[in-house]
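Descriptive structure summary
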Amino acid sequence: MEIPYTVNARPDTGLYNAKVGIWLFLASEVMLFGGLFSSYVFLRIGADFPWPFHELKVKPGFINTLVLIASSVSVVAAWAAVKARRYGWFQFNMIFTLCCALGFMGIKGYEYFHKFQHYSFEFTDGSVINGHPIHADEKNHGDRIVFGEVKSIVIDLRNSNLEFLEQRREKKGELPYAMPASGDLKFKSPSGKEVVLSKGWLKAQKRKWLDVAGELSRTVTAYEIEKAANKGNDEALAAINAKLDEANKVAIEKAKVEDLTQSLKLDVVGEPLLFLVKESNVAKYGQAELSFKDSTVLQGKLETDAIEFNADLIDLRKNKDAEKALVWKYYPDLKDDFLRHRDEKSDEFKKKYPKRAGTADADPDNLRESLRFEFEVALPEEHAHKLLHDHSMAVSLPRSEKRFYSNFTPALSPYYAIYFLMTGLHGLHVIGGAIVLGWFLITGKKMYRENPEHLANRVEVGGLFWHFVDLVWIFLFPLYYLM
Amino acid sequence: MDSSHDNPTGHDSHDHPIDFAKAIRTYLMVGGALVFGTIITVFVAYKVDLGDIHLNIALGLLIATVKVSLVALIFMHLNHERGLIYKTLLFTMIFFAAMMFLFCLAYLDPIKDSFFKP
């Protein structure tokens, strides 16, 4: 089937069809991004916490803006090249545009990667420290919950997936936490059988459990039908009830012998086990029990739930009294430096912005400058580097003093939620646009020979989408990076 | 609003040859203006004190709007487009304004006040 009006304009609209189509699509895109921009505005206006403005590194965002501007120029130049019948220039500009798309996504990926590696710990009094937990290895547990002396595990046959086994470690001599232990894990089941815990065993056990339950269900249904047929015949009903009891007994006995119970407690054979558990896998824990989200329960002893943390910043904007902040329990040596920094920055601000001096105590700019203590800026380089990278300078933060702990992902705050949503959605548009433009580049030669105007129209339509992507970024950049 | 056939970029006039060099010059100049606008935006955000942070935000968004207008008018050819496109965009603006108005209604939400008051 031939698609009409791909080259020449339709008489009633004066436009070729694809152009009408792309503009209607762009109109819907305006509504999509418009809704998200307005969400951003309302989140920001209604924020009851210090809005994290001027916190993203400007340089990557600035470079990405230049990259997108360059790509916008090149994509419209590619269209002009086809119109002027200069295919070489078309190819050059399209390749340049695709390189820009690749560069943009590379820089965005770099930004995202660093965000995912960066963590924030908020104390119960509102003090915040940023940095990263020590990576869990042979010597450190990092931000894992250490649960040892595990002598029993309760498996939930319906929900367990045994993924918790990957978090098992061994405690050996001087090294407190060896790497994940290999080899079979042997347990003793309630029926006295020795069980080697594996996903295969769990699958077989689930199947057996379903078979027994299914068989019992079928038997009961058959007897219920029989009972209905013998309604009024007391003798027959008594006999059927006896058969039902017998079937139940058989099923219960079989379940007991085969360890077919939803909550199956297995005792560890040999040395007690040790687990370094990710908090994200845990439903709840106490001193003697830890429940995973898949309903598996460890019975043992909580050794520590503190987070070993290297910091790069202390932020006390949420504290009522910065001098009494909880964070000074862990960084007593930095308190004087912080207070000096606070007073200096506040004085600087008042001198620099005399019009705002009267309201400086509530001015978000002043609070950010004076109460956000970035080690890299405020401390000697070597000291700041050690605080962030030297494990001996790490602090141990108990979870009992934690209000919130997360890396820089959408979970951290509404700002990061909408930041990742909008930049992620924009990134998907860049990828989509690049695929379409790349397709025009690959297949363009044939079309150029047959009908260059058709190719020009295609490139124009692809270019219109690309410009829209650039246009969205022109608003995203100042909103997220500068304001 | 209809396309002008003597347009230097030759848009929408496939029967007329395009002045390639002139078009490229125009696009490069617009690109340069966009880069300049970006630098000014960063400068305004960090170096200019207008006495109120909201004024800085407003100025930043104004510059962004000028940049967006350049992209829309020159790169997206909205300076010489057919009437149907303008009509489509007009409706988009109306719907967009209506959507923003709906968000503004959040300020009239009586539940919020009773929630915060004892």
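Since this is a predicted model, take the numbers as computed values, not measurements.

Along its length, chain B carries 4 helices and 0 strands. The N-to-C order of helical and strand elements in chain B reads α-α-α-α. Evaluated residue by residue, chain B yields a buried proportion of 21% over its 118 residues. Pairs at least 24 residues apart make up 40% of the contacts formed inside chain B by residues separated by at least 6 positions.

Its domain assignment divides chain A into domain 1 (17-118 + 412-482) and domain 2 (145-307). Between domain 1 of chain A and domain 2 of chain A, the C-alpha centre-to-centre distance is 52 Å.

With that settled, the discussion passes to helix H3 (residues 87-117) of chain A. All names here are of chain A. Counted at 1.5 Å a residue, the expected span for H3 with its 31 residues is 45 Å, and the 45 Å between its end C-alpha atoms agrees. Those residues of H3 that fall on the buried side of the exposure criterion are Phe90, Asn93, Met94, Thr97, Cys100, Ala101 and Phe104. Buried residues belonging to H3 abut helix H2 (58-83) and helix H10 (414-450).

The subject of this paragraph is unusual backbone geometry. For Glu149 of chain A, which is not glycine, the phi dihedral falls at a positive 55 degrees. Structurally, the position occupied by Glu149 of chain A is in strand E3 (residues 145-156).

This brings us to the interface of chain B and chain A. With 43 residues of chain B at the contact, the number on the chain A side is 44 residues. Looking at the side of chain B that touches chain A, the elements with two or more residues in it are helix H1 (20-47), helix H2 (53-75) and helix H3 (83-104) of chain B. Examining the composition of the side of chain B that touches chain A, we find that 12 residues originate from one element, H1 of chain B, more than from any other. Tallied by class, the residues present in the side of chain B that touches chain A amount to 29 nonpolar, 10 polar and 4 charged.

This part is about the environment of Ser38 of chain A. For Ser38 of chain A, the location among the structural elements is in helix H1 (residues 17-45). Separated by 227 residues in sequence, Ser38 of chain A and Lys265 of chain A have C-alpha atoms that sit 53 Å apart. Apart from the residues within four sequence positions on either side, Ser38 of chain A is in contact with Met99, Met100 and Phe103 of chain B.

All names here are of chain A. Note that E3 and strand E8 (residues 273-277) share 4 bridges and pair antiparallel. Of the residues in E8, the one forming a bridge with Val146 is Leu276. Here 5 bridges tie E3 to strand E7 (residues 263-268), and the two strands are oriented antiparallel to one another. Its bridge partner being in E7, Ser152 is matched across the sheet by Asp267.

Moving on, we get to the pairing of strand E2 (residues 128-133) of chain A. Residue and element names in this part refer to chain A. In terms of burial, E2 is largely enclosed, as 5 of its 6 residues are buried. The pairing of strand E1 (residues 119-123) with E2 spans 4 bridges and is classified as antiparallel. Counterpart to Tyr119 in the pairing with E2 is Gly131. The antiparallel pairing of E1 with E2 creates a hairpin that spans 4 residues between the two strands, and Gly126 there sits at a positive phi of about 100 degrees. With 6 bridges connecting them, E2 and strand E12 (residues 307-315) associate as antiparallel partners. Bridge pairing in E12 places Gly131 opposite Ala311.

What counts, and at which threshold
Residue positions are counted from 1 within each chain, in the order its sequence is given. Ligands are numbered from 1 and chains lettered from A, in the order in which they are written. Where totals are concerned, whole chains, interfaces and linings use all residues; where local detail is concerned, this predicted model gives features only for residues with pLDDT of at least 70, and gives and counts side-chain atom pairs only at 80 or more. Helical segments are the DSSP runs of H or I of at least four residues, strand segments are the runs of E of at least two, and each set is numbered from the N terminus. Residues are called buried when their C-beta atom has 20 or more other C-beta atoms within 10 Å, exposed when it has 12 or fewer, and partly exposed otherwise; all C-beta atoms are positioned from the backbone. Here the contact rule is simple: place C-beta atoms from the backbone, and any two residues whose C-beta atoms are within 7 Å are in contact. The source of the domain bounds is an automatic or database domain assignment. Expected span of a helix, by definition, is 1.5 Å for each gap between consecutive residues, and there is one gap fewer than residues. Note on residue categories: nonpolar means Ala, Val, Leu, Ile, Met, Phe, Trp, Tyr, Cys or Pro, charged means Asp, Glu, Lys or Arg, and polar means any other residue, Gly included. Any two strands with at least two DSSP-identified bridges between them are counted as paired.

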